[in-house]
Amino acid sequence: MYKLKWAGKVDESTKEVTAILEEIVKTCVDSHACGYDSWNVMSNCLGEIFISIVTIRKDSASDMIKWMEEKAGINLKMKEIEVSPPPF
């Protein structure tokens, strides 16, 4: 699994900017979804905004990174998530 993340800050209209970013992320994920993707856009009262996307395929993650950079100017960072089976 792969996690894509981004954090930024706005000086005003946090709620409105967050709503727009939610639509951008939804469009990106819908365009490159592999069926097992999850995403979230959050903000706080300090004007900080956080984007998080998790996908199971590296090629989908790479495509999302490229799309977000080209279409929205957002530079997502990718990290591999290690998933281990529970110990028995």
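Scroll up to find the structure.
As a starting point, this report considers the structure included with it. (Residues numbered from 1 in each chain as written. Predicted model: local features only at pLDDT ≥ 70, side-chain atom pairs only at ≥ 80, totals over all residues. Heavy atoms only, no water.)

### Some remarks on the overall build of the protein
(1) Moving on: Within the protein one finds 2 helices and 4 strands.
(2) Moving on: The dimensions of the protein, computed from C-alpha atoms along their principal axes, are 50 × 30 × 20 Å.
(3) Moving on: Excluding contacts between residues fewer than 6 apart, the proportion of contacts in the protein whose partners are at least 24 apart in sequence is 62%.
(4) Moving on: Carbon and sulfur atoms make up 53% of the accessible area of the protein, which amounts to about 6000 Å² in all.
(5) Moving on: The average position of the 11 basic charges and that of the 14 acidic charges among the side chains of the protein differ by 4 Å. (Helix = DSSP H or I, 4+ residues; strand = E, 2+ residues; numbered from the N terminus. Contact = heavy atoms within 4.5 Å. Areas by Shrake-Rupley, 256 points an atom, 1.4 Å probe, with all protein chains shown as cover. Lys, Arg positive; Asp, Glu negative; His and termini not counted. Charge placed at Lys NZ, Arg CZ, Asp CG, Glu CD.)

### Focus: unusual backbone geometry
(1) Moving on: Unlike most non-glycine residues, Ser 13 shows phi in positive territory, near 55°.
(2) Moving on: The topology assignment puts Ser 13 in the loop between strand E1 (2–9) and helix H1 (14–32).
(3) Moving on: When its relative accessible area of 37% is taken as the criterion, Ser 13 is described as partly exposed. (Buried < 20%, exposed > 50% of the residue type's maximum accessible area, 1.4 Å probe, protein only.)

### Topic: the nonpolar core
(1) Moving on: Grouped together as the largest cluster of nonpolar side chains are 17 residues, with contacts concentrated most on Leu 4, Val 25, Ile 51, Ile 53, Met 68 and Leu 76.
(2) Moving on: Looking at this core, the elements that each hand over two or more residues are E1, H1, strand E3 (48–55) and helix H2 (58–72).
(3) Moving on: Per-element accounting of this core gives the leading share, 5 residues, to H2.
(4) Moving on: Apart from the residues within four sequence positions on either side, Leu 4 is in contact with Ile 51, Ser 52, Ile 53, Ala 61, Met 64, Ile 65, Leu 76, Lys 77 and Met 78. (Core = buried A, V, L, I, M, F, W, Y, C linked by side-chain atoms within 4.5 Å.)

### Quick notes on a nonpolar patch on the surface
(1) Moving on: Taken together, the side chains of Met 1, Tyr 36, Ile 56 and Val 83 define a hydrophobic patch exposed on the protein surface, amounting to about 430 Å² of accessible area.
(2) Moving on: Mapped onto the fold, Val 83 is located in the segment after strand E4 (77–80). (Patch = residues over 30% accessible without salt bridge, like charges linked within 9 Å, V, L, I, M, F, W, Y side chains within 5 Å. Salt bridge = Lys/Arg side-chain N within 4 Å of Asp/Glu carboxyl O.)

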